[in-house]
Amino acid sequence: MSLLVIGTLAYDSIETVHESRRDVLGGSATYFASAARYFHPVSLVGVVGDDFKREHIDMLKNRGIDLAGLEVAAGKTFRWSGRYAADWNTRTTLDTQLNVFERFDPKIPVAQRNSRYLFLANAAPGIQAKALDQVSHPAFTMLDTMNLWIDIAKDELLHVLRRVDAVVLNDEEVRMLTGERNLLRAAGAVLGLGPRYVILKKGEHGAFLLSSNAHFSLPAYPVEEVVDPTGAGDSFAGGFMGYVAEQNSFDPKVMRRAMLYGTVTASFCVEGFGVEALDGRSREEIDRRFDELMTIVSV
Ligand code: AMP
């Protein structure tokens with residue numbers, strides 16, 4: 001039974017202080033699927049335009065990602081461009097063109113409607129809700145969002161948040177959503193909005209998991225050379241949820257180990273543009289970095 005993701009497939013243009021790249025394959029669902037597929041079969045639901053390259057479809061298929069729910073619509077693929085400051089922590093969105101994503105009406109293939117695991121990657125909350133409506137009894141649903149949706153669609157977002165088990169947010173988003181400055185209090189306030197688990201992404205400062213029975217903080221894996229942080233959050237979510245789906249358990253120990261796996265897949269992601277460094281790994285390489293991270297964090 002597969003792990004289902006709904007989100008964007010995109011062509012991103014990225015500027016860093018070292019290098020700029022145009023039309024890199026990206027998108028929230030692409031990053032998630034590229035990380036999660038090391039752990040569990042993944043089905044992807046999304047939309048691309050007729051400009052989406054055949055080689056990118058083939059690449060995703062060759063990685064075992066099920067694309068039965070991928071729609072090809074007339075028009076252009078979603079495009080996003082952003083610039084990173086020298087410290088990597090500040091990202092400025094330069095442009096977002098929804099293109100075919102603007103009219104996206106997600107249709108989950110019948111075979112996937114009984115998926116146990118569902119990730120609602122960054123997308124308009126209305127789209128996330130429509131996807132959620134079509135999955136009958138998921139065991140675990142997780143949602144990602146961004147400042148844009150908290151700004152322009154907060155009520156819809158609050159509505160869909162009440163229906164999911166977990167949410168991933170960065171520090172800016174959790175503060176915007178709750179009005180709390182202190183991150184622990186802010187995460188606690190999110191638990192009051194519906195989800196049973198809150199994951200806070202703090203970029204190079206790591207990640208934090210809060211629930212009624214778990215409170216776990218982890219540094220990022222120390223990467224010697226960051227090339228492009230785009231997709232770190234989605235590939236974290238992919239590693240996290242891929243592992244939970246593989247174990248098919250919500251035991252606190254599994255959730256903690258999933259945090260380590262998410263940290264590992266995110267660390268591979270930032271070592272290259274797009275998915276180029278995350279792609280082409282083996283499970284052994286991922287496990288080796290997992291063991292290294294275990295050593296780093298243990299006393
Ligand atoms: P992350 O760095 O984990 O936040 O994810 C970056 C990816 O999210 C990029 O590949 C973008 O194409 C995609 N993205 C950016 N803005 C949006 C948006 N408004 N809705 C959905 N996906 C987006």
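What you see is a predicted model; the values in this text were computed from it and never measured.

S.K.: Quick question: what am I supposed to make of the overall build of the protein here?
M.R.: When you go through the protein residue by residue, the secondary structure sums to ten helices and 13 strands. What you see for the protein is a C-alpha radius of gyration of 18 Å, in line with the 19 Å of a compact globule of 299 residues. C-alpha extents for the protein along the principal axes are approximately 55 × 45 × 35 Å. The 299 residues of the protein split such that 54% are buried.

S.K.: Is there a simple way to think about the site of the ligand in this case?
M.R.: Taken together, 18 residues are adjacent to the ligand, and D12, G27, R91, G231 and D234 come closest. Contact between the ligand and D12: an oxygen atom at 2.5 Å from a side-chain N or O atom of the residue. Side-chain polar atom of D234 to an oxygen atom of the ligand: 2.8 Å apart, as the coordinates give it. Relative to its unbound accessible area of 510 Å², the ligand is 93% covered by the protein chains. Taken together, the elements giving at least two residues each to the shell around the ligand come down to β2 (10-15), β6 (78-84), α4 (147-152) and α8 (232-247). With three residues, the single largest contributor to the shell around the ligand is α8.

S.K.: Is there a simple way to think about the pattern of salt bridges in this case?
M.R.: Pairing between side chains of opposite charge can happen when the charged atoms of each approach one another. If you walk through the whole model with that rule in mind, you get 16 salt bridges. For R83, the salt bridge is made with E15, and the minimal N-O distance between the two is 2.9 Å. With R83 in strand β6 and E15 in strand β2, this pair connects stretches of sequence that are 68 residues apart. Relative accessible area serves as the criterion here: at 29%, E15 is assigned to the partly exposed category. Where E285 meets R281, a salt bridge forms, and the shortest distance between an N and an O atom there is 2.7 Å. E285 sits in the partly exposed class, given a relative accessible area of 24%. The partly exposed category is assigned to R281, whose relative accessible area is 25%. Overlapping salt bridges, with partners in common, bring together E19, R21 and E276 in one network.

S.K.: Help me understand the pairing of strand β10 (residues 166-170), please; the structure alone is not making it clear to me.
M.R.: Every regular strand shows the same layout, with side chains that alternate between the two sheet faces. With four of five residues buried, β10 lies mostly within the body of the structure. Bridging between strand β9 (residues 140-144) and β10 involves three bridges; their strand directions are parallel. Among the inter-strand pairings, D144 is bridged to a residue of β10, identified as V168. Inspection of the sheet shows β10 paired to strand β11 (residues 197-201) by five bridges, in the parallel sense. Across the sheet, L169 pairs through a bridge with L200, a residue of β11.

S.K.: Help me understand the nonpolar core, please; the structure alone is not making it clear to me.
M.R.: Of all hydrophobic cores here, the largest spans 60 residues; its most connected members are V5, L44, F119, F140, M142, F240 and M259. Sort the elements by how many residues they give to this core and helix α9 (residues 252-269) lands first, with ten residues. Discounting chain neighbours no more than four positions away, the residues touching L44 are V5, L9, A29, A33, I65, D66, L67, G69 and L70. Counting residues in each nonpolar core, the second largest holds 43 residues, with A73, L118, V135 and L157 among its members.

S.K.: Sorry, what's going on with the packing of aromatic side chains here?
M.R.: Aromatic ring pairs: the centre-centre distance and the angle between the two ring planes describe each pair. All told, the structure shown has eleven aromatic pairs when counted by the stated rule. Ring centres 5.4 Å apart and planes at 25 degrees place the aromatic pair F101 and F104 in the stacked group. A relative accessible area of 5% means that F101 is categorised as buried. By relative accessible area, F104 is classed as buried at 5%.

S.K.: Would you take a moment to explain unusual backbone geometry for this structure?
M.R.: In terms of backbone geometry, most residues other than glycine have negative phi values and most peptide bonds are trans. Positive phi, close to 70 degrees, is recorded for W88, a residue that is not glycine. With respect to the element layout, W88 can be found in the loop between β6 and β7 (91-97).

S.K.: Could you clarify how one ought to interpret the side chain of S13 in this entry?
M.R.: With respect to the helices, strands and loops of the structure, S13 is situated in strand β2. In this structure S13 comes out as buried when scored by relative accessible area, which is 12%. Only 3.4 Å separates the side chain of S13 from the backbone nitrogen of D23, close enough to count as a polar contact. Not counting residues up to four positions away in its chain, the partners in contact with S13 are R21, R22, D23, W80, S81 and G82.

S.K.: Just checking my understanding: could you explain the pairing of strand β12 (residues 207-211) for this structure?
M.R.: Most of β12 sits inside the fold, with five of its five residues counted as buried. Residues A207, L209 and S211 point to one face of β12 and F208 and L210 to the other, with burial holding for every one of them. The sheet contact formed by β11 and β12 spans five bridges and is antiparallel. Within β12, the position partnered with L200 by the bridge is F208. Here β11 folds back onto β12 in antiparallel fashion, the turn holding five residues, of which G203 has a positive phi close to 55 degrees. Hairpin connection between β12 and strand β13 (residues 215-218): a loop of three residues separates the two successive antiparallel strands.

About the thresholds
- Residues numbered from 1 in each chain as written.
- Predicted model: local features only at pLDDT ≥ 70, side-chain atom pairs only at ≥ 80, totals over all residues.
- Heavy atoms only, no water.
- Helix = DSSP H or I, 4+ residues; strand = E, 2+ residues; numbered from the N terminus.
- Rg over C-alpha atoms; globule rule 2.2 N^0.38 Å.
- Buried < 20%, exposed > 50% of the residue type's maximum accessible area, 1.4 Å probe, protein only.
- Near = heavy atom within 4 Å.
- Polar contact = N/O pair within 3.5 Å; in protein donor to acceptor, adjacent residues only side chain to side chain.
- Areas by Shrake-Rupley, 256 points an atom, 1.4 Å probe, with all protein chains shown as cover.
- Salt bridge = Lys/Arg side-chain N within 4 Å of Asp/Glu carboxyl O.
- Pairing = 2+ DSSP bridges.
- Core = buried A, V, L, I, M, F, W, Y, C linked by side-chain atoms within 4.5 Å.
- Contact = heavy atoms within 4.5 Å.
- Phe/Tyr/Trp six-rings, centres within 6.5 Å; stacked < 30°, edge-to-face > 60°.

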